[in-house]
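Survey of secondary and tertiary structure
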Amino acid sequence: MEIKSIGVVGAGTMGSGIAQVFAQAGLSVCLVDVAEPMLERARMTIDRSLSKFVAKGALTSADKDGALSRLETATTVDGFTTADFIIEAIREDRDAKCALFAGLHAVAKPNVVLASNTSSISITVLGEASGRADRVVGMHFMNPVPVMSLVELVRGQATSDAAMKTASELCGVLGKIAVESADYPGFISNRILMPMLNEAMFAVMEGVGTPEAIDTVMKLGMNHPMGPLALADFIGLDVCLAILNVLHDGMGDPKFRPCPLLRRMVAAGHLGRKSGQGFYPY
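Here's what I pulled together on the structure shown here. (Residues numbered from 1 in each chain as written. Predicted model: local features only at pLDDT ≥ 70, side-chain atom pairs only at ≥ 80, totals over all residues. Heavy atoms only, no water.)

**Description of the side chain of Ser 49**
Relative to the elements of secondary structure, Ser 49 occurs in helix α2 (residues 36–55). Contact partners of Ser 49, with chain neighbours within four places excluded, come to Gln 20 and Pro 146. (Helix = DSSP H or I, 4+ residues; strand = E, 2+ residues; numbered from the N terminus. Contact = heavy atoms within 4.5 Å.)

As structure tokens, then:
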């Protein structure tokens, strides 16, 4: 089936970025969230992002206008009855995602693949909740979506080869590089990344070094483009905690235990860049 129209659920940072890259690639996109203010903020974010590409010469003004013209927004998924491919990017909560996938199955065409941008939750579980487990895949984009070239494709226990092929071909349309992961907690990316960020937080808590010192060591000593604590602030400390909880619960291994300092910071509302305060002030 030729894919021409995309449904995206969730207008946060990831959802708006995903909607943008599909629209840039020439596909019609319907971006859904629960309230108009969220959708308006997403449209403004996408407009600013496209403008930056125009300023850098990577896009023309006509390209930008074309991408925006292919983007529509809605507060329900009722319009997804005509979508050729659907991807969700809502909060990292298993129950919420399972309920959404069950609802998407009810409105989507029978042969449509449902994808999740989850960074840690089991695709097998989401597939079972959906009622079309063979057509559910993980499609984990990296942040910021318009800039990062990787997409982690995750195969659930029942995911068909055809569904994986569809998702992989879409990555090619977007100019992204797809890497397949098995369905384990955290997949490849966060199984490796999150323990490093968590250990950096333990180092702060134990007084091994300041956030500045730890990040400087990792940037200058390990040639990382961004220190682990600045990266955690960028991702969102609440998101880091949610992923670590999934890893800890799913693996049953104490090495994934979230740092108590991370728990306290999230409880205090210090979530990183989006709240104005994390390991650094913003």
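**Side note on helix α6 (residues 161–174)**
With 14 residues, α6 extends 20 Å from end C-alpha to end C-alpha; this agrees with the ideal 20 Å at 1.5 Å per step. Buried within α6 we find Ala 163, Met 164, Ala 167, Leu 170, Cys 171 and Leu 174. What you see down the axis of α6 is that its buried residues fit within an arc of 125°, all on one side. Facing away from the buried side of α6 by more than 90 degrees, the exposed set consists of Asp 161, Ala 162, Lys 165 and Gly 172. Immediately downstream of α6, the backbone of Gly 175 shows phi near 75°, a positive value. (Expected span 1.5 Å × (residues − 1). Buried < 20%, exposed > 50% of the residue type's maximum accessible area, 1.4 Å probe, protein only. Arc of directions from axis to C-beta.)

**Notes on the pattern of salt bridges**
Following the criterion strictly, the structure yields nine salt bridges and no others. Arg 135 is the salt-bridge partner of Asp 134, the closest N and O atoms lying 3.1 Å from each other. Judged by its relative accessible area of 21%, Arg 135 falls in the partly exposed class. The partner of Glu 180 in a salt bridge is Arg 155, and the shortest N-O contact between them spans 3.0 Å. Of the two residues, Glu 180 sits in strand β8 (residues 177–182) while Arg 155 sits in strand β7 (residues 150–155), which places them 25 residues apart along the sequence. (Salt bridge = Lys/Arg side-chain N within 4 Å of Asp/Glu carboxyl O.)

**A short note on the state of the cysteines**
Summed over the entire model, instances satisfying the criterion amount to zero disulfides. Take Cys 240: it sits in no disulfide, and the sulfur closest to it among the cysteines is that of Cys 259, at 12 Å. Of the residues examined, Cys 240 reaches a relative accessible area of 0% and is grouped as buried. Given the relative accessible area of 0%, Cys 259 is considered buried. (Disulfide = S-S within 2.5 Å.)

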